[in-house]
Amino acid sequence: GLGLSIIAVSMAVISCGNKTTAQYPGYDKVEDGLYVKYLTQNKEARKVSVGDILTMSMKYGTEDSTLFDTELNGQPIQLRADSGKYVGDILTAFMSMGLGDSASIIVNADSFFMKTAGMPSSPDFIDSAAMLYFSVGLTNIQSMEEMQAEVDAKKAEAEAKNAEAEANEMVILNQYLADNNITTEPTESGLIFISKKEGTGKQAVAGKKVKVHYEGMFLDGTYFDTSVEEAAKANDIYNPQRPYGPFEFDLGVGQVIKGWDEGIAMLKEGGKARLIIPSKIAYGAAPRPGAPFSTLIFDVELIEVMD
């Protein structure tokens, strides 16, 4: 059914004549309980076909109050064009519209709320015999194929943009490595593991809980997080609300970014290393921390491998 939340979206001023007992002057009776007045009609415009996806501005309410308005919601509604399931279905009126058309439509409130919108009953403040006054504008008509093509085009555009951003990330990373004379070969995933101190305790193993101290920074040296209180204070990111101390997690099960799962598993207790982690094994397109496609650096120390 057409959900009420979908029905509620953006529109123009309701325009309707004075109601008399039996009829609505200026409106055409389409069928029992459905009256339409077309405000603008373009005979040459593309017409609605069953199955089309319609994008519409919509405002509706009773004679003296507005219940929904897409203009206030900030986005139009989209619904599938249908010939109507019952006598007086508002969807029937949409079938006579063309692209750019606008109309004022009067329908029975109970029929709309219960049959079209699929609600169990009309809202308590709506009289069972009340009529609803709609003002609608048809802003786009798309077949399912056209809509899918639009979705695919947007997806391709986003993928191309991401690929460009990731390529740019590699340029910046390679420049950083050159500037800092780092010649360590990355692992197959792209992780650059630089050992700072060999550990002598237990080897970190996937499935075990580990305790790790860390200092996280961007390539320019700016700190964004650390488990070490002194480092937080020294780099102006100290937060008195958080507890500082080794970070505990289960290794190798996806509780942390891939670069961590891989890098910490290369340490023994007491070992220290610098992990240079490209975004593809960190946060990818997500802006956390930093901008999307940010390479991160972590100085880590494996405190304990727990049994």
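Predicted model, so just to flag it, every value in this text is computed and none were measured.

## Section: the overall build of the chain
The secondary structure content of the chain amounts to 7 helices and 13 strands. Across its three principal directions, the C-alpha atoms of the chain cover 90 × 45 × 35 Å. The buried share among the 307 residues of the chain stands at 42%. Long-range contacts, defined here as pairs at least 24 residues apart, represent 70% of the contacts in the chain between residues at least 6 apart. In the structure as shown, the chain presents an accessible area of about 16,300 Å², 50% of it carried by carbon and sulfur atoms. Between the averaged position of the 27 positive side-chain charges in the chain and that of its 43 negative side-chain charges there is a distance of 2 Å.

## With respect to the packing of aromatic side chains
To describe a pair of aromatic rings, you give the distance between the ring centres and the angle between the ring planes. Within the structure shown, the criterion is met by 17 aromatic pairs. A ring pair is formed by Tyr60 and Phe134, whose centres lie 4.6 Å apart and whose planes are at 25°; its orientation type is stacked. On the criterion of sequence distance, the pair formed by Tyr60 in strand E3 (residues 53-61) and Phe134 in strand E7 (residues 131-142) is long-range, its members being 74 residues apart. For Tyr60, a relative accessible area of 0% corresponds to the buried category. For Phe134, a relative accessible area of 0% translates into the label buried. Ring centres 5.0 Å apart and planes at 70° place the aromatic pair Phe112 and Phe134 in the edge-to-face group. With Phe112 in helix H4 (residues 109-116) and Phe134 in strand E7, this residue pair connects regions lying 22 residues apart in the sequence. An aromatic cluster is present here, built from Tyr214, Phe218, Phe224, Phe247, Phe249, Trp260 and Phe298 joined pairwise through their rings. A cation over a ring is seen here: Arg242 above Tyr244, with NZ or CZ 4.5 Å from the ring centre.

## Quick word on the side chain of Ser279
Residue position: Ser279 is located in the loop between strand E12 (272-277) and strand E13 (296-306). Contacts of Ser279, omitting those with residues within four sequence positions, involve Glu169, Gly284, Phe293, Ser294 and Thr295.

## What about the nonpolar core?
Leu54, Met56, Phe94, Ile105, Phe134 and Val136 are the most contacted members of the largest nonpolar core, which totals 28 residues. The element best represented in this core is E7, accounting for 5 residues. Setting aside its immediate chain neighbours within four residues, Phe134 contacts Met58, Lys59, Tyr60, Ile90, Ala103, Ser104, Ile105, Val107 and Phe112. If you look at the next biggest cluster of nonpolar residues, it comprises 24 residues, including Ile257, Leu267, Ile281 and Phe298.

## Observations regarding unusual backbone geometry
Cis geometry marks the peptide bond from Arg288 to Pro289; its omega dihedral reads -15°. Tracing the chain through its elements places Pro289 in the loop between E12 and E13. A positive phi is found at Asn181, a non-glycine position, where the angle reads about 50°. Mapped onto the secondary structure, Asn181 falls in the loop between helix H5 (144-179) and strand E8 (192-197). For Asn181, a relative accessible area of 67% corresponds to the exposed category. Not every positive phi belongs to a glycine, and Asp236 is a case in point at roughly 60°. Counting through the fold element by element, Asp236 comes out in the loop between helix H6 (229-234) and strand E11 (247-250).

## Some details on H5
An ideal rise of 1.5 Å per residue puts 52 Å on 36 residues; H5 measures up with 52 Å between its terminal C-alpha atoms. Every buried residue belonging to H5 is among Glu169, Leu173, Tyr176 and Leu177, and all of these are buried. For H5, the elements touching its buried residues are E8, E12 and E13. Asn181 sits one or two residues past H5 and shows a positive phi near 50°.

## Some points on the side chain of Asp89
Mapped onto the secondary structure, Asp89 falls in the loop between strand E5 (77-80) and helix H3 (90-94). Within the buried set, Asp89 has no salt-bridge partner at all; the shortest N-O distance to an opposite charge, 7.2 Å, is to Lys85. Apart from the residues lying within four places of it in its own chain, the contact partners of Asp89 are Glu31, Leu34, Gly84 and Thr116.

## Quick look at the environment of Ala130
Along the polypeptide, Ala130 turns up in the loop between H4 and E7. Ignoring sequence-local partners within four residues, the contact set of Ala130 consists of Val107, Asn108 and Ala109.

## A short note on the pairing of E5
Of the two faces of E5, the one holding Ile77 and Leu79 is buried and the one holding Gln78 and Arg80 is not buried anywhere. Where E3 meets E5, 4 bridges bridge the pair, whose relative direction is antiparallel. Directly across from Thr55, in E5, lies its bridge partner Gln78.

## Some words on the confidence of the model for the chain
Overall, the prediction assigns the chain a mean pLDDT of 91, with 93% of residues at 70 or greater. Within the model, the stretch residues 1-21 combines pLDDT values under 50 with 75 contacts to residues more than four positions away or in other chains.

How each quantity is defined
Residues numbered from 1 in each chain as written. Predicted model: local features only at pLDDT ≥ 70, side-chain atom pairs only at ≥ 80, totals over all residues. Heavy atoms only, no water. Helix = DSSP H or I, 4+ residues; strand = E, 2+ residues; numbered from the N terminus. Buried < 20%, exposed > 50% of the residue type's maximum accessible area, 1.4 Å probe, protein only. Contact = heavy atoms within 4.5 Å. Areas by Shrake-Rupley, 256 points an atom, 1.4 Å probe, with all protein chains shown as cover. Lys, Arg positive; Asp, Glu negative; His and termini not counted. Charge placed at Lys NZ, Arg CZ, Asp CG, Glu CD. Phe/Tyr/Trp six-rings, centres within 6.5 Å; stacked < 30°, edge-to-face > 60°. Lys NZ or Arg CZ within 6 Å of the ring centre and 35° of its normal. Core = buried A, V, L, I, M, F, W, Y, C linked by side-chain atoms within 4.5 Å. Expected span 1.5 Å × (residues − 1). Salt bridge = Lys/Arg side-chain N within 4 Å of Asp/Glu carboxyl O. Pairing = 2+ DSSP bridges. pLDDT = per-residue confidence, 0-100.

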